[in-house]
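Okay, here's what each chain looks like letter by letter:
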Amino acid sequence: MALFSELKRRKVLRMAVLYLAAAWLILQVAGVLIDLNVAPVSIGPLTFRILAIGFPIALLLEWFFEFTRDGIKRQSEVDRVESPDRLDGRMVDFVIIAILTAALGVFAFDRWWIVSDRPSLAILPCLNLAKDAAAESFVMGLHEDLLTNTAAIKGLRVISRTSVDQYRNTDMTIPQIGKELGVNHLLECGVQRVKTPTGDRVRVNAQLIQAKFDDHLWAEAYDRHLTAENLFRVQEDIARAVAGTLKVQLTEEEEARLETVPTENTAAYEAYLRGRARAFVPNVEVARQAMADFEEAIELDPKFALAHAELAAQIAFYTFSQPLMTVMPSVEEAEKKELLSRAQQAITTALDLDEALGAAFYAMGALGDTSHAKKLAWDRALELDPNYDRTYVEYARLLWGEQRVDKAVELQQQAVSLCPGCASHYTELGLYLLDALRVREAEAALNRAIELDAGLAKPHQYLAAIAWWARGRSDETTLHLRKAYALSPTDPTTTGLIAVVYSDLNARNEALAFLTRAEELNPESLLGMRVGVYLNLGNPQKAREYVERWHDRDPVDIWALGWLNYFDLEEGRIGEALERTQRLWPAVTLPDLDVDETKFWGAFNYALLLRENGQNEKAEEILRKCLLLLEANPFGAEYSWAMGQFHRARTLVALGRHDEALAALESSHTDYHLPPFRREFLNSLIWDPIRDRKEFQRFLEYVDEETRKQLARVRELERNGEMPPAPGVRDWNKITAAEQHP
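Within any chain, residue numbers begin from 1 and follow the written order of that chain's sequence. With pLDDT at 70 or above as the cut-off, local features in this predicted model cover only qualifying residues; side-chain atom pairs require 80 or more to be listed or tallied, and sums for whole chains, interfaces and linings still use all residues. Note: side-chain values were computed over all heavy atoms of the structure, leaving out hydrogens and water.

Trainee: So what about the side chain of Ser163? Which residues, and what values?
Mentor: Where helices and strands are cited, they refer to DSSP runs of H or I of at least four residues and of E of at least two residues respectively, numbered from the N terminus. For Ser163, the location among the structural elements is in helix α6 (residues 161-164). Judged by relative accessible area, which is 0%, Ser163 ranks as buried. Polar contact is defined as a pair of N or O atoms within 3.5 Å, subject to the rule that within protein one atom must be able to donate a hydrogen and the other to accept it, and that residues adjacent in sequence are counted only when both atoms are side-chain atoms. Reaching out from Ser163, the side chain makes a polar contact with the backbone nitrogen of Gly421 at a distance of 2.4 Å. Relative accessibility thresholds used throughout: buried, under 20% of the residue-type maximum; exposed, over 50%; partly exposed, between the two (1.4 Å probe, protein chains only).

Trainee: Can you tell me about unusual backbone geometry, naming the residues and giving the values?
Mentor: The phi torsion at Leu437 lies on the positive side, around 65°, for a residue other than glycine. Looking at the secondary structure, you find Leu437 in the loop between α18 (423-435) and α19 (439-452). Here the phi dihedral of Asn506 falls at roughly 65°; this positive angle occurs in a residue that is not glycine. For Asn506, the position within the fold is in the loop between α22 (492-504) and α23 (508-521). Overall, Asn506 belongs to the partly exposed group, its relative accessible area being 35%.

Trainee: Talk me through the state of the cysteines; I want residue IDs and the actual numbers.
Mentor: Pairs of cysteine sulfur atoms within 2.5 Å are identified as disulfides in what follows. Scanning all chains against the criterion turns up one disulfide. The disulfide bridge from Cys419 ends at Cys422, spanning 1.7 Å between sulfur atoms. Between Cys419 and Cys422, the S-S torsion sits near 55°, and that sign places the bridge as right-handed. Each member of the pair, Cys419 as well as Cys422, carries the same accessibility label: buried. Cys126 forms no disulfide, and the closest cysteine sulfur to it belongs to Cys189, at a distance of 4.4 Å. Take Cys126: its relative accessible area is 4%, and that puts it in the buried class.

Structural data, given as structure tokens:
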């Protein structure tokens, strides 16, 4: 009791409470910093050790010394009766209360204020420790399966195989890889298949690392007999260890799935692993072999649900060409029918065996014959496996095709987060962002795609669209398209676009050379591009011929209709154009017409036709609606502000507001160099009311001068060797004078 009284008198107990409160606050702050990936995990134990060592030291100091207003004094030097110089006890109480309040604040901040993503993880390619080439597909398949099983844990964000495969045998450091992939944790594995007198064994070394600081969080070595069940148990143990270390709570469903042994047939599992290693590789022979591997696994174990599901998914990949990233040739109709029937059978069997198999629902969506069926399947697939990037990619394509662009962007961004090394994912994201008029983000995504895979042509095509429509830079457009052509010289679309842009620059020889090449590649397509080329080259008669062919082939194509109306307006065929528009394009002729960006061109041309037909009041009403749309700038400020101003000027001229039209033209080239198809538009009779105004003439002079400058830049790129070669295109310098005026 005397000791307790002395401890109390010397305020040792008060110091103990104060120290413990402060220590708890410091540990809470350290925990928050670790959760935010600002500090290494090792800082936690280190901080605890330092605080633990400091605790008895603080108590001893308080026993022998007293903190007063005059500084630190020995206890023997302090008056125990008066003690006027000693710090008031209440002040210490206030300090303790303040520390506890701060600690409570840190706790609340950590629990409810910080919005953190799921813990992120990349499982690096497993090393083949045996250096046995024959075991490589086994090791690769095991890595794929480990990744899939771990990704099934919804509380984790697991990067896809496509992204991590690039780090096989890399010299990059763990922090560098983590930064590139945008993850906080990496899992390294080494696999060795060993033959012993008692049978084959498999040894797996695994370690979990905090990426930013290269701190090892967990490690384990496994040495088991090579059986399918043992391999699944190793994967289960690793997945549980990762989840536990990263403090991810497993659901009952996830617990049950981890405990499930998909097959006990080792040979079937090895065949399945070979198939996984070859799956989704854009090569015909490899794709066929993957299907054969899954068929072998099914033959060895007909109840192997995963093998059935993966077979169906691989058939979908092999059978259907990808609309944006075409990498597989078309499949013959007879083979396609047989394969699709086999895939449907595989899906049915997979779901009969395991009704909660995400891979089966992904395949069901990929093979679905209606949009609704696809969505139902992919919604269920994402619910079961939110870490499978391919589901997001396919779903985004579907929604983009339905003009749900914002949702497509959201899903594609999810795919990119799961596969940050997938160049094709970034390419499609760039396209969707461009369609959403988010140009700067689109450029960043497309440039990232090129960084990841310099052999892709599509990113250059989309960057060319930005350069042309958003910036009026025909020189940059030409460079991007020529790069795309060099990478894909048999693509008629790219070839035709190059011809259009060269014609826009008044480079007749180059335009005709690339147009000839495009016609060789596909004689029956690209009619719209031919229209643009011949208009720019000053041959409207030939351009009209191609418009009529285009219209005959597809009578309801709104672009062909629009061009026909344009020519009829120029040639005075008003009645014919009005009748055609009312018959084939009724959406722009409705009395209560609501003009949006999809109807603008048709509505504008229809209004001009009405005006020429003497229906001025109705024409003016439609033109005012067109103007309201343009003033709202539906095309996006960063994408085509200048194009919007250019169209606004045309509309203002048609409304007779000439001064405003000239002002709009002037502003259209403030941050914009040249409007596409400028030569024909500027020669059109639409501009006749202001053609003699000096402001309009000055604008024409600017266009001519800028055209010369941009063409000179293109020619300079040719001379410097910066412009890629054009295999298959005739030498445009040898085009004769007669050919120049077709």
